[in-house]
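# Structural characterization, general
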Amino acid sequence: MYDFKSIIPRRNTDSVKWDVKPNELPMWVADMDFKAAPEIIDAMQKKVAFGIFGYEEPHADYFNAVADWYATEHHARPKTAWMLFCTGVVPSISSTVRRVSNVGDNVVVQAPVYNIFYNSIINNGRHILSSDLLYDSTNHQYSINWRDLEAKLAEPLSTMMILCNPHNPVGKVWSRDELIKISRLCMKYHVTLFSDEIHGDLVCGSPEYTPIFSLPDDLIQNTIVSVSPSKTFNVAALHAATLIVPNEGLRNIVNRGINTDELGEPNLLAIPGTIAAYTKGHQWLAELKQQLTRNRDIFTNYCEQFIPQIKVIASNATYLVWIDCSTITRDSSQLEDFIRQDTGLYISAGSVYGGNGNQFLRVNIACPETTLQDGLKRLKKGIETYINQK
């Protein structure tokens, strides 16, 4: 029903992703090359046609759309009373860091992890304290180092943890039991848990995504969840996110931060775009996930057959592929730069994500299959040339 095959020219459109040289193919930042769902576009066009764009604020229809979406897609309906509007997940993280921790405190993360977490911590005068994920180089899978995580949370200056659920860039979907264990540790050591769940809708098959707000009430009283349609529907420029904070006292603190930082006022398209996505986007998402599953299979099979020197980490979450290049290099930034210079393929060096990322590359596969095939051929050429010139 929906079009995931057409190539939409995006050069010279103010796109961050496509601000590249004529011969370059960008497959780096988490931005899909698919046009937004027509239902979203239609809602936005109606809003523009209305022609009056004064001050706005979200009402019950916005928050009910969010709640209904999670009830339908993930079988967990958050209370609308728990919700706050914010102009993006990253702004909500930075604002919360400023509000629930103090300058000089530790903020715990699990590297390799989304690199902008580091910016939100360092730029606000807090310290990054990483409990690095354990990597099994035989089975190519990640797990939590529970003893280390507890030790890091127990440190007196640790006042906040930022969780990525599902985890970017490794594509790990945390189980309900793992989330319960993390929540209990944070409660034990009085650490506020912030869960970035922006990729939660982009989980294909099992294991399923578990919204952390769906855990038992006694385990979510120090928890803040941030969700958004931006990754799901490729509407990052909408600048709309929803914070879900079950505890009233904590919600008031977070809300004061959002208002102090002037992050609570939506732009003219944020409300109608979000409502349309969450009320009319179910079928579009279902077909998108089918396409992403095909793309992941194409990518993995191609690498196994034609680029055996690398290993694609098995995952059923996000549209970001995490590739182990440890047999080739321990400096992914050098490899990424070489591939870009040699082939024009622009992907992400794993080194920016911390942990063991130095031996990984991250590739965005949310694009038409013809674009994906082009990227794979460039990747093969770049890696072969890199190996031969060493």
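Coordinates for the structure precede this section.
These lines cover the structure that appears in this document, whether it is placed above or below. The shown structure was predicted, so the numbers you read here are calculated from the model rather than taken from an experiment.

Bringing the overall build of the protein into the picture now. Secondary structure assignment for the protein yields 12 helices and 15 strands. Its C-alpha radius of gyration of 21 Å places the protein within 12% of the 21 Å reference for a compact globule of 390 residues. For the protein, the spread of C-alpha atoms along the principal axes amounts to about 60 × 55 × 35 Å. Sorting the 390 residues of the protein into buried and exposed places 58% on the buried side. Taking contacts inside the protein between residues at least 6 apart in sequence as the whole, the part at least 24 apart equals 74%. With the model as given, the accessible surface of the protein reaches about 16400 Å², and the carbon-plus-sulfur share is 51%.

What follows deals with the pattern of salt bridges. Within this structure, the stated rule accounts for 14 salt bridges. A salt bridge links glutamate 56 to lysine 47; the shortest N-O distance between them is 2.5 Å. Here glutamate 56 falls in the buried class, since its relative accessible area comes to 19%. Look at the salt bridges and you will find they share partners, linking Arg10, Lys17, Asp31 and Asp33 into a network.

Moving on, we come to the nonpolar core. With 104 residues, the main nonpolar core has Met161, Leu288, Phe299, Ile310, Tyr319 and Leu379 as its most contacted residues. If near-sequence neighbours (up to four positions away) are discounted, tyrosine 319 is found in contact with Ala30, Asp31, Met32, Leu202, Lys231, Leu292, Arg296, Val363, Asn364, Ile365 and Ala366.

Another aspect to go through is the layout of surface pockets. In this model, the second largest pocket occupies a volume close to 280 Å³. Lining the second largest pocket are 16 residues, with Glu73, His74, His75, Glu208 and Tyr209 positioned closest to its centre.

Okay, the sheet that holds strand E9 (residues 223-227) next. Ordered in space as E2-E10-E9-E8-E7-E3-E4, the seven strands form an open sheet in which the pairing is mixed. At either end of the open sheet lies a strand with only one pairing partner, and these are strand E2 (83-86) and strand E4 (127-130). Strand-to-strand twist in this sheet, taken as the mean axis angle between neighbours without regard to direction, amounts to 25 degrees. Across three bridges, E9 lies against strand E10 (residues 241-244) in antiparallel orientation. Paired with serine 226 across the two strands is leucine 243, which belongs to E10.

Once that is clear, we can look at the side chain of serine 226. Mapped onto the elements, serine 226 comes out in strand E9. Polar contacts involving the side chain of serine 226 include one to the side chain of serine 92, which spans 3.0 Å. Each residue touching serine 226, except ones within four places of it in the same chain, is listed here: Val89, Ser92, Phe194, Ser195, Asp196, Glu197, Ile198, Ala241, Thr242 and Leu243.

Take the packing of aromatic side chains next. Overall, the coordinates contain 17 aromatic pairs when judged by the stated rule. Between tyrosine 62 and phenylalanine 85, the aromatic rings sit 5.7 Å apart at their centres with planes inclined by 70 degrees, giving edge-to-face as the arrangement. Of this pair, tyrosine 62 sits in helix H2 (residues 60-74) while phenylalanine 85 sits in strand E2, placing them 23 residues apart in sequence. Across the pair, exposure class does not vary: tyrosine 62 and phenylalanine 85 are buried alike. Centre to centre, the rings of tryptophan 69 and tyrosine 278 are 5.3 Å apart; their planes meet at 40 degrees, and the pair counts as tilted. Here tryptophan 69 is found in helix H2, whereas its partner tyrosine 278 is found in helix H9 (residues 270-280), with 209 residues between them in sequence. The two residues tryptophan 69 and tyrosine 278 agree in class, both being buried.

Counting through the fold element by element, serine 158 comes out in strand E7 (residues 158-164). The spatial distance from the C-alpha of serine 158 to the C-alpha of valine 108 is 6.9 Å, given a sequence separation of 50 residues. Those residues in contact with serine 158, other than ones at most four positions away along the chain, are Asn106, Val108, Leu129, Lys152, Leu153 and Val191. Among the polar contacts listed, one links the side chain of serine 158 to the backbone oxygen of lysine 152, at a separation of 2.7 Å.

Sheet architecture is open: four strands sit in the order E11-E12-E15-E14, paired in antiparallel fashion. Both outer strands of the open sheet, strand E11 (311-312) and strand E14 (348-349), are each paired with one neighbouring strand and no more. Sheet topology note: the E11/strand E12 (residues 320-324) ladder contains two bridges and is antiparallel. In the sheet register, lysine 311 faces E12, and the bridge partner there is aspartate 324. Here helix H11 (residues 332-343) sits on the sheet in contact with E14 and strand E15 (360-364), set at roughly 45 degrees to E15.

Between H11 and helix H12 (residues 369-389), the least distance of the axes is 9 Å, while the angle of their chain directions is 115 degrees. Taken together, the axes of H11 and H12 are roughly perpendicular relative to one another. For the crossing formed where H11 meets H12, the hand is right-handed. Judged by residue contacts, Gln334, Leu335, Phe338, Ile339, Asp342 and Thr343 of H11 engage Arg378, Leu379, Lys381, Gly382, Ile383, Thr385, Tyr386 and Gln389 from H12.

The subject of this paragraph is a nonpolar patch on the surface. Where nonpolar side chains cluster on the molecular surface, the patch consists of Val48, Phe53 and Leu268 and spans about 250 Å² of accessible area. With respect to the helices and strands, the residue phenylalanine 53 is situated in the loop between helix H1 (38-50) and H2. Relative accessible area serves as the criterion here: at 43%, phenylalanine 53 is assigned to the partly exposed category.

Definitions and cut-offs
Residues take numbers from 1 onward in each chain, read along the sequence in its written order. Reporting in this predicted model follows two pLDDT cut-offs: at least 70 for local features of residues, and 80 or more for side-chain atom pairs to be given and counted; totals over whole chains, interfaces and linings ignore these cut-offs and use all residues. Neither water nor hydrogens contribute to the side-chain values; these are computed over all heavy atoms in the structure. Per the convention used, a helix needs a DSSP run of H or I reaching at least four residues, while a strand needs a run of E reaching at least two, with both numbered from the N terminus. For the radius of gyration, the atoms used are the C-alpha atoms, and the globule rule reads 2.2 Å times the number of residues raised to 0.38. The buried label applies to any residue whose accessible area, calculated with a 1.4 Å probe on protein chains only, is under 20% of its type's maximum; exposed applies above 50%, and partly exposed to all values in between. Note on contacts: a residue pair qualifies if any of its non-hydrogen atoms lie within 4.5 Å across the two residues. Each accessible area is a Shrake-Rupley result for a 1.4 Å probe, and residues are judged covered by the shown protein chains and nothing else. Any carboxyl oxygen of Asp or Glu that lies within 4 Å of a side-chain nitrogen of Lys or Arg is treated as forming a salt bridge with it. Only buried Ala, Val, Leu, Ile, Met, Phe, Trp, Tyr and Cys residues count toward a nonpolar core, and they belong to the same one when joined by side-chain atoms within 4.5 Å. In this analysis a 1.4 Å probe is tested at points of a 1 Å grid over the protein atoms alone, and where it fits but cannot get out there is a cavity; an open set with protein on both sides within 12 Å along at least five of seven lines is a pocket; lining residues have an atom within 4 Å of a point. Grid points are joined across faces, edges and corners, and a volume is the space filled by probe spheres set on the points. Note on pairing: two strands pair once DSSP finds at least 2 bridges between them. The axes are straight lines fitted to the C-alpha atoms, using for helices just the contacting stretch, and the angles between their N-to-C directions are given from 0 to 180°. N or O atoms closer than or at 3.5 Å make up a polar contact, with two conditions inside protein: a donor-capable atom paired with an acceptor-capable one, and, for residues adjacent in sequence, both atoms drawn from side chains. By convention, a stacked pair of Phe, Tyr or Trp rings (six-membered ring in the case of Trp) has centres within 6.5 Å and planes under 30 degrees apart, an edge-to-face pair has planes over 60 apart, and any other such pair is tilted. Angles below 35 degrees are treated as roughly parallel, those above 145 as roughly antiparallel, those between 65 and 115 as roughly perpendicular, and all remaining angles as oblique. Here is the rule for handedness: rotate from the far helix to the near one, and if that takes an anticlockwise turn smaller than a right angle the crossing is left-handed, while a clockwise turn gives right-handed. Patches draw on residues past 30% relative accessible area with no salt bridge. Two like charges within 9 Å are joined, as are two nonpolar side chains (Val, Leu, Ile, Met, Phe, Trp, Tyr) within 5 Å.

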